[in-house]
Structure formats: C-alpha cells, structure tokens
Amino acid sequence: MNIKTMWRHIKESFKSIKRNGWMSIAAVSAVAVTLLLVGSFIAILMNANKLATDIEEDVSVRVYIDLAAEEEDRIQLEEDLAALDEVESIGFSSRAEELDNVIGSYGDEFGLFEGDDNPLYDVFVLNTTSPELTADVANQAEDMNYVAGVNYGGATADRLFYIMDTVRNVGAIIIIALIFTAVFLIANTIRITIFSRSTEIEIMKLVGATNWFIRWPFLIEGALIGFIGALIPVGIISYVYLRGFDTIMRYLSGTYFALLPPQPFLYYIIALLLGIGVVIGSLGSSLSIRRFLKV
Amino acid sequence: MIVMSNVYKKYPNGITAINGLDVKIDQGEFVYVVGPSGAGKSTFIKMIYREEMPTKGTVKVGEFDLANMKLSKIPFLRRHVGVVFQDFKLLPKMTVYENIAYAMQVVGKNPKQIQKRVLEVLDLVGLKHKVKMFPNELSGGEQQRVAIARAIANMPRVLIADEPTGNLDPETAWGIMDLLEEINNQGTTIIMATHNSDIVNSVRHRVLAVENGRIARDQEQGEYGYEH
Ligand SMILES: Nc1ncnc2c1ncn2[C@@H]1O[C@H](COP(=O)(O)OP(=O)(O)OP(=O)(O)O)[C@@H](O)[C@H]1O
Ligand SMILES: [Mg+2]
C-alpha cells in the first residue's frame, strides 16, 4: 500500500472520530482510566519488587543473643559465628543501642522501654561474603547455642513478595475487567461508524475495493482511540513519577534502597501503555469489523 | 466471456430463484433480461458480480470461476464488472466529481489518472458542467448518468444494469438508453434487466426471457414479452 492511500485512511479515521463525538470520548476515557490503573499498578509493583530485591541483597544477618547467655557463652558464640566460612565480618549492637535505633525510627513512645524494661536483645550483625549466602548463614546460626532468633533481609523480602503477589492478583482482575470494558466501548464506537458508512462500504465493495482497503480506516480509528486514550495516563504517570521519585529518594538517601530511576523506567511504561492502548483499540475495532462488515 | 451452466440458486429461506439456468454471453454483446416479477432476473445478475453465490453449477466471467473463487478475489472480479441500479446509490455528501473519483481511489488509481478519467466519463454522460454539484441537486436522470459514469470509470469489460430506467420518466429513460448504447459501441458488454417494453422493442438486441429461474426464451433481436 502506498503512503497516499495510508494518508487517506488516517484522514478518514480522524473525521470519523470527530463525527462520533460522545461515543469517541467515552471510548477514549475508558482506555484512559484502564491504562491509568495499569500504569500505576505496574509502577508500584515494579518499585516494590526493586525494594524487595534491595532488601534481599542486604547482606547482613542479625543474630539475637539469648538473654540467659553469660559473658563466656557470648564469646563462644561470636567465635563460632566468625568460624563460618561465609561470614566476612561481625559487628555487635547492644540492646540499649537497638532500642535507640527503634526510638530513632519509630518515635519516643518506645522511650518507656528504656532500662530494665527493654524488650530487645543484644545482637551480632554478620556480613556475609556474598548476598545469596545470607539464608545459609542464618540457618547455621539458628542452630547454635544461646541464639534467641535470627533475622535477615530475606524474611522481610519474602513478606513483601507475598504482599505483592496478592496485590498483583487483585490488580490483574480489576485491570482485565477494565480492558474488557474499554474493548467493548471501542467496538461500539466502531460499529456506529460502520453503520453510518454502510452505503459507502457497499459502494466500495461494488467497485472492487479490497477488503483491507475497507478495513483499514476502521482499524486505524480504533487504534487512534486507544492511542489518544493512552496519552492521558502517560502524561499523568510521568508527572507523578518524576515528582514522587524526587520526594521518596530524599527519604531513602543514606540507605542502599532506591526506586527505579525514571530513565529508562518511564520510557518503558510509556511505550507499554501506548502499545496496550493501540492493541486494545485495534482489538475493539476488529471485533466490530468481523461482525458487521462481513469482508 | 460469461458462461453459466446448469446453475441453481436456492436462498437460505428455501426459495429457489434460479433453477437450472444455462447461458453464454460474448464480449461486446448487448443483452436484455426480461421476465415477470420474481422470475429471478436480479438473482441472475447478482451472480455475475458474485453478490450471490450459485448453490450448484458453474458461473464463469472472463478468467474468474465464480463458484470456486476465493473471497479475496472478489474485488478483482468487480473491477471488470460495473454495476448500475434502479436507485443510483450515489453518496449524498460527495459532489458528482467526488462520487466518481471515489470509485477510482478505492482501487488505488493515482490522482492524475483519476482526474483525467473522471472528466472523460463525465463528458461521455454529458454532465461535465455539473461536476461540483451534489446528487440532491440533480434530476433522477442526471443521477443515473453519474452512477453509470462511476460504473464505467474503472473501464470494466461488462456493465450490468438492473432496471436502470425503473425510476425514470420515459423521456429520460431514452436518454439513459442512448448512453448505454454508446458505451456498448465502445466494446463494453451490457446486460440490462428491464420491464420497459418500448425500449426492448425499439432498440433491438438479444433478449433473455427468464421465467421460474430458467431461460424460457433466448432470441437475437428479440421482442419484449413472456408467457405468464
Ligand atoms: N436475498 C434473498 N433472500 C431470499 N429470497 C430472495 C432474495 N432475493 C430474491 N429472493 C427471492 O427469489 C426470487 C427471485 O427474485 P429476484 O429478485 O431475482 O426476481 P426479479 O426477477 O428480479 O423480480 P423483479 O422484476 O420484481 O425485480 C423471488 O421469489 C424472491 O422472493
Ligand atoms: Mg429485480
């Protein structure tokens, strides 16, 4: 097909979108709402995933020391831990320091636990030689004497992954329902176009237009509705992400946790949303073309 | 050029409109199709441009075998077969010029070819001075001329007309008839279904009288008329 013909099809589609007025607006809005949700879900999930991975890669294992441990038990435990091949270094944090940390991050209400009421343990903080060994070291430490408990990034990460799974499943159901609505609305819009142009289509067929020649304007109309609908969430998500990224990264400064940088992450989301928009649009119009055009 | 043999057409509702029809029409012929209402004239005509598919038998138009043709080939058959109807079927929002140009655009002709040919066919049908008018600004006869101009714009080898004068007064009908004659003289096969006995009897051509879905009479230079 030559460029002139394509250009003609595109002009036809724009005319038709204008002519269908409210129907086009409804279809565009449906796509916009759908993709706004899709985009937000993806942005949140991908970042949660990134954080969980960051946490998982946090190489430290925290070994809580039983309150019953005497000084020599403690020294023995430290030696045992240091003897593990996978352990690179050992740090110590007393229960008083631990409480200060808690008060530092969660607030002064925890101040009443100071002194003998302190519910926390003394802690050995182990750094492993490489991130994937944390679980292994944690398991070995757990079996040692006078160990009250072991904690490592992996546990938190697992919990995060679990929450994300739930969010993802619920989100997927909502998004699928919305995509159906959008496809349905686009199919309806295209159906109206097809009906309003039935004489024209009949004549096109009579004088020997190929089926694809007849289909193209409708396909493009659907794709355009999807594309225009995608532009709105692309704008909103880009703006919010850029602002949100700066704000959140300020909070995270000093930690090794980070959100996905807007570049290239935003580019991927933009491409994905525009892509989904066009696919939804073409799908909607294909449905109508098949049913009502019989070409 | 057009060959039908042992053709049957049964519509989904059970009516058999064509019932064992045989006919052969050569390139350049002018053929009238006459017969009572419901005889199957329109069905016969629709099978030539593959609007209807025969239930049984073979229909050949040029190199196209219509009973065994891929759907995707239909557009290419139709570029060889122009069609004109009683109700013109012009697009009301387009001018005379655009109505004809449109038919050429959709088959991918380039703008230069289109402009040249549209003016040529408008000249032939005598409406060159009304290129910019809209269909509702034209008389019935003029609208039918535009429809004919459109049908021949892509230079089909066959022009089919199903009661082209059905909506026109006798005077205007004669004008359309003259035009079809002229197109026929340029070598285009013309197949015309009609109830107009004056025309058939005055401008003599081959007559196919269809009755009950069969050719009841096939006569060179024939007269209008049928038994029932
Ligand atoms: N699309 C259709 N579906 C079902 N039956 C049809 C269809 N078209 C025509 N028929 C039937 O087939 C028979 C032949 O119809 P056709 O239109 O070919 O007749 P005709 O000779 O053109 O009549 P007229 O002179 O009134 O135009 C009729 O009985 C008609 O009811
Ligand atoms: Mg008829």
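On a predicted model such as this, the values are computed, not experimentally measured, just so you know.

The rules behind each value
- Residues numbered from 1 in each chain as written.
- Chains lettered and ligands numbered in written order.
- Predicted model: local features only at pLDDT ≥ 70, side-chain atom pairs only at ≥ 80, totals over all residues.
- Heavy atoms only, no water.
- Helix = DSSP H or I, 4+ residues; strand = E, 2+ residues; numbered from the N terminus.
- Buried < 20%, exposed > 50% of the residue type's maximum accessible area, 1.4 Å probe, protein only.
- Areas by Shrake-Rupley, 256 points an atom, 1.4 Å probe, with all protein chains shown as cover.
- Pairing = 2+ DSSP bridges.
- Contact = heavy atoms within 4.5 Å.
- Axes fitted to C-alpha atoms, helices over the stretch in contact; angles between N-to-C directions.
- Core = buried A, V, L, I, M, F, W, Y, C linked by side-chain atoms within 4.5 Å.
- Near = heavy atom within 4 Å.
- Polar contact = N/O pair within 3.5 Å; in protein donor to acceptor, adjacent residues only side chain to side chain.
- Domains from an automatic or database assignment.

Novice: Explain the overall build of chain A here, please?
Specialist: Along the backbone of chain A there are 9 helices and 4 strands. Taking the principal axes of the C-alpha coordinates as reference, chain A spans close to 100 × 40 × 30 Å. For chain A, the proportion of its 295 residues judged to be buried stands at 42%. When the accessible surface of chain A is summed, it comes to about 16,100 Å², and 62% of that surface belongs to carbon and sulfur atoms.

Novice: What should I look at first to understand the sheet that holds strand β5 (residues 64-65) of chain B in this one?
Specialist: Strands in a sheet are paired, the pairing made by backbone hydrogen bonds, and the direction either parallel or antiparallel. Residues and elements named next belong to chain B. Spatial strand order, β2-β1-β4-β5: 4 strands in an open sheet with antiparallel pairing. The open sheet is flanked by β2 (16-25) and β5, the only strands paired with a single partner. Inspection of the sheet shows strand β4 (residues 56-61) paired to β5 by 2 bridges, in the antiparallel sense. Bridged to Val 61 within β5 is Phe 64. This element, helix α1 (residues 41-48), spans β1 (2-10), β2 and β4 of the sheet and lies at about 120 degrees to β1.

Novice: Would you take a moment to explain the sheet that holds strand β1 (residues 60-65) of chain A for this structure?
Specialist: All names here are of chain A. Taken together, 4 strands build an open sheet; the order of strands is β2-β3-β1-β4 and the sheet is antiparallel. Either end of the sheet is taken by a strand with one partner, and the two such strands are β2 (87-93) and β4 (147-152). On average, each strand axis in the sheet is inclined to that of its neighbour by 20 degrees, with strand direction left out of account. Sheet analysis places β1 next to β4, joined by 5 bridges and oriented antiparallel.

Novice: What am I meant to see in the environment of Leu 168 of chain B here?
Specialist: Along the polypeptide, Leu 168 of chain B turns up in the loop between β7 (158-162) and α6 (170-185). Sequence-distant contacts of Leu 168 of chain B, that is, excluding residues within four places in its chain, are made with Phe 88, Gly 140, Gly 141, Gln 144, Ala 173 and Ile 176 of chain B.

Novice: Would you explain the nonpolar core in this entry?
Specialist: Across soluble globular proteins, nonpolar side chains show a tendency to be buried alongside one another. Residues Met 204, Phe 218 and Tyr 241 of chain A together with Val 106 of chain B are the most contacted members of the largest nonpolar core, which totals 48 residues. Here this core takes 13 residues from helix α8 (residues 211-252) of chain A, the largest share from any one element. If we skip the residues at most four places from it in the chain, Met 204 of chain A touches Arg 197, Ala 209, Phe 213 and Ile 214 of chain A together with Tyr 102 and Val 106 of chain B. Tyr 32, Val 118, Ala 161 and Val 207 of chain B belong to the second-largest nonpolar core, a separate cluster that totals 43 residues.

Novice: Just checking my understanding: could you explain the environment of Glu 78 of chain A for this structure?
Specialist: All names here are of chain A. With respect to the helices, strands and loops of the structure, Glu 78 is situated in helix α3 (residues 71-83). For the pair formed by Glu 78 and Ile 90, sequence separation is 12 residues and the distance between their alpha carbons is 8.0 Å. Non-local contacts of Glu 78, meaning those with residues more than four positions away in its chain, are made with Ile 90 and Phe 124.

Novice: Help me out: how do you make sense of the site of ligand 1 in this one?
Specialist: Residue and element names in this part refer to chain B. Contacts to ligand 1 come from 14 residues, most closely from Ser 37, Lys 41, Ser 42, Thr 43 and His 195. A distance of 2.5 Å separates an oxygen atom of ligand 1 from a polar side-chain atom of Ser 37. Glu 163 places a side-chain nitrogen or oxygen 3.3 Å from an oxygen atom of ligand 1. Its free accessible area being 630 Å², ligand 1 has 67% of it covered by the protein chains.

Novice: Can you walk me through the domain arrangement of chain A in this structure?
Specialist: How big an interface is tends to be stated in terms of the accessible area lost upon association of its parts. Taken domain by domain, chain A consists of domain 1 (3-55 + 159-293) and domain 2 (60-152). One C-alpha centre belongs to domain 1 of chain A, the other to domain 2 of chain A, and the line joining them spans 50 Å.

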